[in-house]
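# Descriptive analysis of the structure
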Amino acid sequence: MTQHRITIANRDNAVYRVDPHKPLLTSLLDQGVDLPYGCKYGGCITCAARLIAGEVNQKAQVALNNRQINDGYVILCVARPVTDCTLEIGVESHGDLYRNPFLDPLAAHELKADIATPLEEKT
Amino acid sequence: MTEHCCGPGYASPSEAMQAPREKLLYTIAIYTGTGIQKPDYLCTIDADPDSPTYSQVISRLEMPGIGDELHHMGWNACSSCHGDADMERKYLIVPGVRSTNLHIVDCGTDPRNPALHKIVKGSDIKARTNLSAPHTVHCLGSEIIISMLGDAKGNAPGGYLHLNKDFEIVGRWENSMGDIKFGYDFWYQPRHNVMVSSEWAAPNTFMPGFDLEEVGHLKYGRELHFWDFEKREPKQTMYLGEDGLIPLEVRFHHNPDSSHGFVGAALSANIIHWWKDAAGEWQWEKIVDVGNEPHPEWPIPVPGVISVILLSMDDRFLYLCNWLHGDIRQYDISDPHNAKLTGQVWMGGLLDKAPFVNGVKVTGGPQMIQLSLDGKRLYVTTSLFSTWDNQFYPEIRTNGGCMLMVNCDTETGGMEIDPNFVVDFGKEPNGPSRCHETRYPGGDCTSDIWV
């Protein structure tokens, strides 16, 4: 079976080989990586990490709005690697995850997928 | 403790007010969302002013797992089973909102060193009842009901988990959720055969943080639900609209014959009062409206965000916290239609009115409060919810939360922060943690209901 290489940028670029069919949280916890997590179904954002390179499938996540997705955040408890990936993990990676909603409101296209208005294509 | 013939609690609210002063506090402290990879824990705090360890954490009970996000909690028994000599107020039920685990903590065997008695696993609750995200715990006689804010996948409206006195899952308590869109807090008043429940949002909405735009998309609550308590189904819904955006803590009068109750609408920063009129119909009205405050760096005025309310045991005073403004207010509600502001203190908040109190930098604002049975001491903590803390008060990661005590004048009204009591959770042994709800061994002003 083909495994993917996961590099943790903020853990001295440590590399782990993981099963593409398992959520990254499970694979990394099993190999001893200390990671925060909560609900384990993709809804609570506790396990969010930043994807620096590579691609994941995180269709099952319901925690992130479109701005957070555009900023590279992934929900490790449901995300499965599609390619080799480089991640920044833990609360250290959460710098852009939280914002004061009164000072920095979301645009209509930055809301969660189920209520976002798509950006009109510029012609 | 008070001499009595029977089971736990007190024969009446007036008897509860005569109970001995609380000497221990149980307070939740969390590391979830802080970056410190340690379990959340239950603190025991010395509240005896004659003790050498007064105003200090004297023991810490860590939960077995990481990331539970302990939040609210409740006793296994209260005055609702005062007549049952087989029952004892011994166990705290301490749920994890994110993990759905229920931690049953034995506080009776050694009150200064609570111990874990049992865990009801979140995975079992989800499998048996399709519920998750436990919030409010109330006992009803020897049974326990917990509001669960989501289904097993974090979708609204969730329902109510029913446990027996041995903390075994009975199943779902409610027979129907009717058209209820969201769950949050609830309180019952059995002499009127009524339960009232309020609305936060789906766990998948509120857990990742607060997006203001989602309020307009109806992802947050604005309704109040009146239940037929015996039939265990909702009977009537009050649409509160713009006056009642995100109605959170629900409090009936402690007097079991009264039909009056109150809810704090967090985002509207209003207090809503309800009662049963002479014709037997439920009515509601707005009795407090906290105005938005200007902020030098904000393009829009800051809403108060009333994150909690509670009533004194004699039903005379209502207390509320404006978590973003940073004030605690005391209202005389002797006439529940006409609330009179009688006291106000400031601590933390975004308006910079009281950044330091008792030598501690207050990060966050007044949030959870608990009042002594005699109504004279109000204990207050500063953290709301890990992700929301991170949005509004990001410095709480390094500063931690804190607990203060407010002395309340029960004769003429008025409040004053006690200069000799402060617990700085920024100095906890494993690093800065955040403190949340508090309970006392002998019961408090949000734990007991009379049947």
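Notes on the structure in this doc start here. (Residues numbered from 1 in each chain as written. Chains lettered and ligands numbered in written order. Predicted model: local features only at pLDDT ≥ 70, side-chain atom pairs only at ≥ 80, totals over all residues. Heavy atoms only, no water.)

The next point concerns the side chain of Glu428(B). Residues and elements named next belong to chain B. Turning to its location among the elements, Glu428 is positioned in the loop between strand E29 (415-424) and strand E30 (434-439). Among the residues examined, Glu428 registers a relative accessible area of 7% and is labelled buried. Dropping the residues within four chain positions of it, Glu428 is found in contact with Tyr31, Tyr41, Cys43, Val57, Arg60 and Ser433. (Helix = DSSP H or I, 4+ residues; strand = E, 2+ residues; numbered from the N terminus. Buried < 20%, exposed > 50% of the residue type's maximum accessible area, 1.4 Å probe, protein only. Contact = heavy atoms within 4.5 Å.)

This brings us to the interface of chain A and chain B. With 28 residues of chain A in contact, the opposing surface of chain B contributes 38 residues. Summed over both sides, the interface between chain A and chain B buries roughly 2,700 Å², with carbon and sulfur atoms accounting for 58% of that surface. Summed over the three residues of chain A that lose the most area to chain B, namely Tyr41(A), Tyr98(A) and Phe102(A), the buried surface amounts to 29% of that side. Close ionic contact of Lys219(B) with Asp114(A) constitutes a salt bridge, the shortest N to O distance being 2.4 Å. On inspection of chain A and its partner chain B, the count reaches 10 residue pairs in polar contact (both at pLDDT 80 or more). (Buried area = accessible area lost by both parts, 1.4 Å probe. Salt bridge = Lys/Arg side-chain N within 4 Å of Asp/Glu carboxyl O. Polar contact = N/O pair within 3.5 Å; in protein donor to acceptor, adjacent residues only side chain to side chain.)

This part is about the nonpolar core. Counting 32 residues, the largest nonpolar core has Trp200(B), Phe206(B), Phe210(B), Tyr220(B), Ile246(B) and Leu324(B) as the members making the most contacts within it. Listed in part, the 30 residues of the second largest apolar core include Ala16(B), Val380(B), Val406(B) and Ile417(B). (Core = buried A, V, L, I, M, F, W, Y, C linked by side-chain atoms within 4.5 Å.)

All right, on to the sheet that holds strand E10 (residues 159-163) of chain B then. Residues and elements named next belong to chain B. In space, the 4 strands of this open sheet follow the order E8-E9-E10-E11, with antiparallel pairing throughout. For this open sheet the edge positions go to strand E8 (131-140) and strand E11 (169-172), each flanked by a neighbour on one side alone. Each strand axis lies, on average, 25° off the axis of its neighbour in the sheet, ignoring direction. Strand direction decides the pairing type here: E8 and strand E9 (residues 143-151), joined by 7 bridges, are antiparallel. For Pro134, the partnering residue across the bridge sits in E9 and is Met148. Across the sheet, helix H2 (residues 122-129) is in contact with E8, E9, E10 and E11; its angle to E11 comes to roughly 50°. (Pairing = 2+ DSSP bridges. Axes fitted to C-alpha atoms, helices over the stretch in contact; angles between N-to-C directions.)

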